[in-house]
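Coordinate inspection notes
Residue strings, one per chain:
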Amino acid sequence: MGYQTKEIKATSAGPLDITLEAGDLLDEVIITALGIKKEKRALGYAVQAVEAEALMEGNQNNMVNGLQGKVSGVTVVNSGGAPGSSSIILIRGGSSITGNNQPLFVVDGIPIDNSTSSSLEVASTNRASDINPADIESVSVLKGPAAAALYGIQAAGGAVIITTKRGKSGVSTVTYSGSISSDKVIGTPKVQTMYGKGAQIRTSGGITYDPESSLSFGQAIGAGTPIFNNIEEFYDTANTQNHNVSYSSGTDKSNIYMSIGDLSQKGVIQGTSYDKTSFKVNANSNITDNFTVGISANYITTDISSSKQGNASGSSFGSLLAYPGDVNAKDYLNADGSQKAFFLDQQFDNPYWSVHNSPNTDETKRLIGIISLNYNFLNDFNLSYKIGTDNYTEFNKKITGDGSLIDTREDGYITQFEKDHTRLTSNLFLNYQKDITEDLSFDGMIGNSVEELDVRTTFTSGRSFLAPGIHSIGNILKENQEISELITRKRIVGVFGELKFGWKNAVFLNLTGRNDWSSTLPKDKRSFFYPSVGMSAVVSDLFKVYGNDITSENGLTYFKLRATWAQVGKDAPIGALESSLGTNINGLASSAYTWNGVNVGNPNLEPEFTNSFEIGTDIRFLQNRIGLDLTYYTSTSDNQILRDIRVPPTTGTFYATLNGGSIKNSGVEAMLRLQMLPSTSKVSWNLDFNFGTNKSKVKELPGFLSEVYLSDSWTFRNSAAGAAVLDGSLFGLRGKRPVRNENGDVIINSNGLPTLTDQTYDDVNRIPDWTLGISNSIGYKNFNLSFLFDIVQGGDVYNATESALVYYGLSTNTIADRNQTVVLPGVDAAGNPNTVAVEKDQNFYQNYYSQNSENFIEDGSFARLRYVTLSYKFPSQVLDKLSITGLELYVTGRNLFTITNYSGVDPEVNTFGAGIAGAGSMNIDNLGTPNVKGFDLGLKFRF
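Right, let's walk through the structure included here.

Parameters and conventions
Residues take numbers from 1 onward in each chain, read along the sequence in its written order. Residues qualify for local features only when their pLDDT is at least 70, as the model is predicted, and side-chain atom pairs are given and counted only at 80 or more; totals for whole chains, interfaces and linings, by contrast, use all residues. Excluded from the side-chain calculations are hydrogens and water; all other atoms, namely the structure's heavy atoms, are used. Here, any two strands with at least 2 DSSP bridges between them count as paired. Segments assigned H or I by DSSP are reported as helices when at least four residues long, segments assigned E as strands when at least two residues long, and all are numbered from the N terminus. Fitting a line to C-alpha atoms yields each axis, with helices limited to the stretch in contact; the angle taken between N-to-C directions then spans 0 to 180 degrees. Using protein atoms alone on a 1 Å grid, points that fit a 1.4 Å probe yet trap it form a cavity, whereas open point sets bounded by protein on both sides within 12 Å along at least five of seven lines form a pocket; residues with an atom within 4 Å of a point count as lining. Grid points are joined across faces, edges and corners, and a volume is the space filled by probe spheres set on the points. In the scheme used here, Gly and all other residues not listed as nonpolar or charged are polar, with Ala, Val, Leu, Ile, Met, Phe, Trp, Tyr, Cys and Pro taken as nonpolar and Asp, Glu, Lys and Arg as charged. Within this analysis, patches are made of residues with over 30% relative accessible area and no salt bridge. Like charges are joined at 9 Å or less; nonpolar side chains (Val, Leu, Ile, Met, Phe, Trp, Tyr) at 5 Å or less. Reported accessibility uses the Shrake-Rupley method at a 1.4 Å probe radius. Residues are deemed covered only where the shown protein chains occlude them. Every case where a carboxyl oxygen of Asp or Glu lies within 4 Å of a side-chain nitrogen of Lys or Arg is listed as a salt bridge. The charge count treats Lys and Arg as positive and Asp and Glu as negative. His and the chain ends do not count. The atoms used to mark charge sites are NZ of Lys, CZ of Arg, CG of Asp and CD of Glu. Residue exposure (1.4 Å probe, protein chains only): buried if accessible area is under 20% of the type maximum, exposed if over 50%, otherwise partly exposed. Only buried residues count toward a nonpolar core, which is a set of Ala, Val, Leu, Ile, Met, Phe, Trp, Tyr and Cys residues joined through side-chain atoms within 4.5 Å. For this analysis, residues touch if any pair of their heavy atoms sits within 4.5 Å.

1. As for the sheet that holds strand 7 (residues 110–112)
In spatial order, the strands read 3-8-9-6-7; together these 5 strands make up an open sheet with mixed pairing. Here the strands that pair on one side only, and so sit at the sheet edges, are strand 3 (47–51) and strand 7. With direction set aside, neighbouring strand axes in the sheet form an average angle of 25°. Pairing between strand 3 and strand 8 (residues 136–142): 5 bridges, direction antiparallel. Counterpart to Val50 in the pairing with strand 8 is Val139.

Right, here's the structure in full:
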């Protein structure tokens, strides 16, 4: 297919060498909304597909990471090197200030959950990572509301459409793929080893030192004293094994695909791991010539063991900061096996002790099941129905072991939750397709969708284990236990339709409309409608229609223009309409239910809407050897639903839920594909360039608000947090900053230091100015070399890890002028230049320098060699001897080098992971597990 027919007369019994020449361009078919296949030429919006081979090239365990650098306009950031850590994906910025900005994930036409448990204490995974990448046939990324209008409420941020593998007709095939990997952290922070353990005490005679301290503000370390790099030595080499076996078989009437995948990943921190086992069955059968039945089931189990991170009590990184260079963190046990404190009144745990005594585990069992029916009738009609379920149970447990040095947790502490998640989706479509005339075609579709979500979570916590070492809630007295239950339910009913007109298979008009009813909105406002209209014209074919062919073999091959306007609605979070009462506001309050001003709802909420417009072109030259897909888009999300907004106490509450606010996104996407050498060359060489730029600006906020931030993103000692800033970026920042006068001068107090207050930044933007992913594939005979080079320009990073290093005295920035005097630039209250000198002692670094967020905002630009893979496919002569049909060996290097001016370990950072919604925590570096680099050795064969 796709080549010209060639006839050659056989003049002898010898072999014939035949080279086929490229024929007419085949119409590319792509999976779009609701799993419907469409010709790409008929689409009025940008859609980009990633095939299975490209998705697997970097050997990523999380399928979301497989999209890094491969789709223009898509930003993917993982949350560090902890096993199973989550990855956030943003398509064309964000459309919500406090809600979910990630796209909808759809597997074989059925939406699935991609939520992430809060990552404030441990690195949590995003549920899309449960999907085994080896089971994926292709991924289509629908960019923005225009592409995902038929999905409605859930797809304001676009959609990721995953199509899994099916059995193929012909000979039955068994395929195995496996790899072993070795990883190390990409780096650790540089620490000073000039000064040792101790705290400074200011006296009338100068500075004295208290050695009973976890700080590194002591005296200079003497010559010959052993030095320990406790942070670097804490991380080990991690090993991973990944094995996948699949079976494929089929006839013209039926097919079946089955697979088993097992991933066993050890972490760079001892005792951490991520284990996933996946079972997949996909069977399809033509009951009659017109009636097809399909059944698929995917059962996944995941087990994660993590260490605490960030600001959490017992955080591994946070604890390591409290070990000065002259103290060995590995020396943590007394002779009797109890935990050793290295100074008096130590109230934090040794990280090695925590690894063995304070486990954090997460166990999930998930089933994704789909039944599909498809019936063709009356020649032009098709009726299809899909019903799918996404069910999982999650058991999460975090322990502080007995023997802890943490105050109030000496006898141990436990917190856990059990979640039962059920999502049931029903989709019914009636399709009609007819060529009205020889030139005019018509496609119509009407459908109904019903989705029910039921999540029940039980939270339990307790302190003081009765029997040592038994980490169970049953090992705690009932009076020391706390229990609560959260039940969330939601139903969405939608009706939708689509009309498509085509003229001479060159000009297309697409119209869609959808009406939703959501249970999370008030009864009189829960019904809302939104439409879309799109056009596309294959200009090169239009000229052919009128007898003017503008294409040529060495010139233009294909030229298409497209444009789409779309609107999509969004409902409220579950429970946002109601306010609830609470108990025990403070120690003096009664235990009765009372108004606490925290769980505040709004019974008058309205849906929010996103209006988007995009225009683009698809141009190809030299018989498709050069292809350029270019898109400009703009979207505005109005009447935002803002949840848990902090308001002044004078309003009678602490939080509020309300409508208001507007976000504007605009940007350019470009995808350039180059076939560097002609198809007749013995060497194949293909290059893909994926470029994207986006600006997410907050145009309006309700009432008196000038910012909206989520407290879950507070960094070390609350020095800064992610925030959406009025007239600034959706991904902005607020933090402690010096007070300035009307002229912008810092006001210096009589002590020589300014006053720090919480303020916003109108010039900080935590998403990149632009991104460029360069994918390369070179093939010669049986060898293939591929790589991905990622360039990220701009994007501010808040380096809270450096702020913590400064606080503890470990930062290299604290040694050059330690204890020297300095006059800070600024003015006094009268506006005169400051002349008061201040000593750069412990107080300066802890209470001013480390708290001043302006000191830790850096440019996060970087260029990274994401992966390099060299593979070799064994020739048929070898395969015949082994009685197999395919054999391939490959070696992959990941994150081999990074070019950046960022002073921290890694500019690609999101410590809190995908669990923080809205403005999120992207590009916030806050005491997380460093990212990893490593090598994979893999084998694939089939028979």
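2. A word on the environment of Gly555
On the secondary structure map, Gly555 appears in the loop between helix 6 (539–545) and strand 24 (556–570). Sequence separation of Gly555 and Ile747 is 192 residues, and the distance between their C-alpha atoms is 65 Å.

3. Brief notes about empty space enclosed by the protein
Across all of its chains, the model carries 16 cavities of 30 Å³ or more by this definition. Looking at the largest cavity, its volume works out to about 440 Å³. If you go around the largest cavity, you meet 31 residues; those closest to its centre are Gln60, Asn61, Asn65, Gln265 and Val932. Residue assignment for the lining of the largest cavity shows that the elements contributing at least two residues are strand 10 (170–185), strand 13 (238–250), strand 14 (254–266) and strand 45 (932–942). Considered class by class, the residues forming the lining of the largest cavity number 6 nonpolar, 20 polar and 5 charged.

4. Remarks on a positive patch on the surface
Side chains of Lys664, Lys695, Lys697 and Lys699 sit close together on the surface and give a patch of like positive charge. Per element, the largest residue contribution to the positive patch is 3 residues, and it comes from strand 30 (residues 683–700). Lys697 sits in the partly exposed class, given a relative accessible area of 36%.

5. Describing the nonpolar core
Where a protein is soluble and globular, its nonpolar side chains tend to be buried together. Counting 47 residues, the largest nonpolar core has Ile231, Tyr235, Val268, Leu321, Leu824 and Phe844 as the members making the most contacts within it. Only helix 3 (230–234), helix 4 (316–320), helix 5 (351–357), helix 7 (800–808) and helix 8 (842–849) provide two or more residues apiece to this core. It is helix 7 that provides the largest number of residues to this core, a total of 5 residues. Leaving out residues up to four positions away in the same chain, Ile231 has contacts with Thr188, Pro189, Val191, Phe317, Leu320, Leu321 and Leu805. Val76, Val107, Ile112 and Ile162 belong to the second largest nonpolar core, which has 21 residues in total.

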